[in-house]
Amino acid sequence: MFIANDITIIVGGSYDIVHCTLANYHFASVMTQEALRISNNDTINKVAVPLHKFEIANTVVWGRQFVPDIAIEYVKPAEGDSNFSYRFDHCLLHAEGTDDNEFIESKWNEDPLFVNIDEKNYTFDFHLQKGSPAINAGVNGSYTAESLDLDGKPRTDGKISVGCYEYAALYVNDETGDDENDGLSPASAKKTITGAINSRTEPLPVKVAAGVYDEVEVEAPDGQLSRVVVPADWYIEGAGRGKT
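Draft legend 1. Quick peek at the overall build of the protein chain. For the protein chain, the count of helices and strands is one helix and 18 strands. Across the 244 residues in the protein chain, those meeting the buried criterion constitute 41%. Considering only contacts within the protein chain whose residues lie at least 6 apart along the sequence, 61% involve residues at least 24 apart.

Draft legend 2. Structural detail: a nonpolar patch on the surface. Taken together, the side chains of Val228, Val230 and Ile236 make up a nonpolar region of the molecular surface, amounting to roughly 190 Å² of accessible area. The exposure class assigned to isoleucine 236 is partly exposed, which follows from its relative accessible area of 37%.

Draft legend 3. Seen up close, the sheet that holds strand E18 (residues 235–237). Spatially, the three strands line up as an open sheet ordered E16-E17-E18, and their pairing is parallel. Looking at strand neighbours, the two that pair on one side only are strand E16 (170–172) and E18, the edges of this open sheet. With direction set aside, neighbouring strand axes in the sheet form an average angle of 25 degrees. By the bridge criterion, three bridges tie E16 to strand E17 (residues 205–208) in an arrangement that is parallel. Bridging from a neighbouring strand, leucine 170 pairs with valine 206 of E17.

Draft legend 4. Inspection of the sheet that holds strand E11 (residues 92–93) at higher detail. Strand order in this open sheet of four strands is E3-E8-E11-E13, and the pairing throughout is parallel. The open sheet terminates on both sides in strands that have one partner only, identified here as strand E3 (21–24) and strand E13 (107–108). Here E11 pairs with E13 via two bridges, running parallel. Within the sheet, the bridge partner assigned to leucine 92 lies in E13 and is lysine 107.

Draft legend 5. Representation of the nonpolar core within the structure. Counting residues in hydrophobic clusters, the biggest one holds 24 residues, and the most contacted among them are Val172 and Val206. Looking at this core, the elements with two or more residues in it are strand E8 (60–63), E16, helix H1 (193–198) and E17. Per-element accounting of this core gives the leading share, three residues, to H1. Those residues within four positions of valine 172 in sequence are excluded, and the remaining contacts are Ala189, Lys190, Lys191, Thr192, Ile193, Ala196, Val206, Lys207, Val208, Ala209 and Tyr213. With 18 residues, the next largest nonpolar core counts Ala35, Phe54, Val61 and Cys91 among its residues.

Draft legend 6. The arrangement of the environment of leucine 204 in detail. The residue leucine 204 is located in the loop between H1 and E17 in this model. On a C-alpha basis, the gap between leucine 204 and isoleucine 236 in space is 8.9 Å, while along the polypeptide they are 32 residues apart. Leaving out residues up to four positions away in the same chain, leucine 204 has contacts with Tyr167, Ala168, Leu170, Trp234 and Tyr235.

Draft legend 7. Highlighting the side chain of histidine 19. Mapping histidine 19 onto the fold places it in the loop between strand E2 (13–18) and E3. Residue histidine 19 is classed as buried on the basis of its relative accessible area, which comes to 11%. A distance of 3.3 Å separates a polar side-chain atom of histidine 19 from the backbone oxygen of glycine 163.

Draft legend 8. Broad picture of the environment of isoleucine 70. Looking at the secondary structure, you find isoleucine 70 in strand E9 (residues 70–73). The sequence separation of isoleucine 70 and glutamate 34 amounts to 36 residues, and the corresponding C-alpha distance is 5.7 Å. Not counting chain neighbours up to four residues away, the residues in contact with isoleucine 70 comprise Glu34, Leu36, Val61, Phe88 and Leu93.

Draft legend 9. Examining the pattern of salt bridges more closely. Going through the model one piece at a time under the given rule, you end up with six salt bridges. In this structure, lysine 53 engages aspartate 16 in a salt bridge whose closest nitrogen and oxygen atoms are separated by 3.1 Å. Of this pair, lysine 53 sits in strand E7 (residues 51–57) while aspartate 16 sits in strand E2, and the two are 37 residues apart along the sequence. For lysine 53, a relative accessible area of 31% gives the class partly exposed. Take aspartate 16: its relative accessible area is 53%, and that puts it in the exposed class. For arginine 155, the salt bridge goes to glutamate 166, with nearest N and O atoms at 2.9 Å. Of this pair, arginine 155 sits in the loop between strand E15 (123–128) and E16 while glutamate 166 is found in the loop between E15 and E16, placing the two residues 11 residues apart along the sequence. Per residue, the accessibility class of arginine 155 equals that of glutamate 166, and both read buried.

Reading guide: rules and limits
- Just so you know, the residues in each chain are numbered from 1, in the order the chain's sequence is written.
- Local features are withheld for residues below a pLDDT of 70 in this predicted model, meaning they are given only at 70 or higher, and side-chain atom pairs are given and counted only at 80 or more; totals for whole chains, interfaces and linings count all residues.
- Here the side-chain values reflect all heavy atoms present in the structure, with hydrogen atoms and water set aside.
- To qualify as a helix, a DSSP run of H or I must reach at least 4 residues; to qualify as a strand, a run of E must reach at least 2; elements of each kind are numbered from the N terminus.
- To sort residues, take the accessible area from a 1.4 Å probe on protein chains only and compare it with the maximum for the residue type: under 20% means buried, over 50% means exposed, and anything in between is partly exposed.
- Contacts are residue-level and defined by heavy atoms, with any inter-residue pair within 4.5 Å sufficient.
- Candidate patch residues must exceed 30% relative accessible area and have no salt bridge, after which like charges are joined if within 9 Å and Val, Leu, Ile, Met, Phe, Trp or Tyr side chains if within 5 Å.
- The Shrake-Rupley method, run with a 1.4 Å probe sphere, supplies the accessible areas, and residue values consider only the shown protein chains as cover.
- By salt bridge we mean one thing: a side-chain nitrogen of Lys or Arg within 4 Å of a carboxyl oxygen of Asp or Glu.
- Between any two strands, at least two bridges found by DSSP are needed for them to pair.
- The convention used is that axes are lines fitted to C-alpha atoms, helices contributing only their stretch in contact, and that angles between N-to-C directions extend from 0 to 180 degrees.
- Within this scheme, the nonpolar core is defined by two criteria: the residues are buried Ala, Val, Leu, Ile, Met, Phe, Trp, Tyr or Cys, and they are joined through side-chain atoms within 4.5 Å.
- As used in this structure description, the phrase polar contact means that two N or O atoms lie within 3.5 Å; if the pair is within protein, one of them must be able to donate a hydrogen and the other to accept it, and residues adjacent in sequence are counted only when both atoms belong to side chains.

Structure follows, in structure tokens:
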């Protein structure tokens, strides 16, 4: 349930939240609470309601105003069910704290390094920059079985990112690749470095397989070779010494 004072407030019930980015950069005066609040206090009906299950995994909870950006509110009921169960699993949290039975492998108060937080113009891009502590900080398993991120990129078989956007690499292979492929796995590699770079707007590492890459300018009738222009914040990884 969404309300004005928080990004998300949970009151009672059972919930599974996976691979989300809860980010509070609202400037309106009514948005005066944390990005996430979990509670058993139904203030409308003035009763305590049981929180049977609140499982949140591989999620970023961040904002501009509050540390912590998480509020946990328990009200002991006068009678009946007093269950209040919550668990944060491999989350990046805008809070100071330590791991325990309820907080598993957390990233505490580490800037997620979003691609763009422009508060002046109120424009935001919650993809992850290179060096973000959210990269490869997630947990695999049932959380990520056959899952895609918000862009439609597959969650990798290896280590995965925390948040709604996977920090993926683009793969290039001159022998097996095709620039019509998405480039998001070795099996669907791009053929050219230029094709990989031109396919995305957010900067990603470009993993280039061993080979000789003639980046041919398609429009040039004489097949003239062109330069590879690597934009700022992008970087290219080769196959390794002795393999290129």
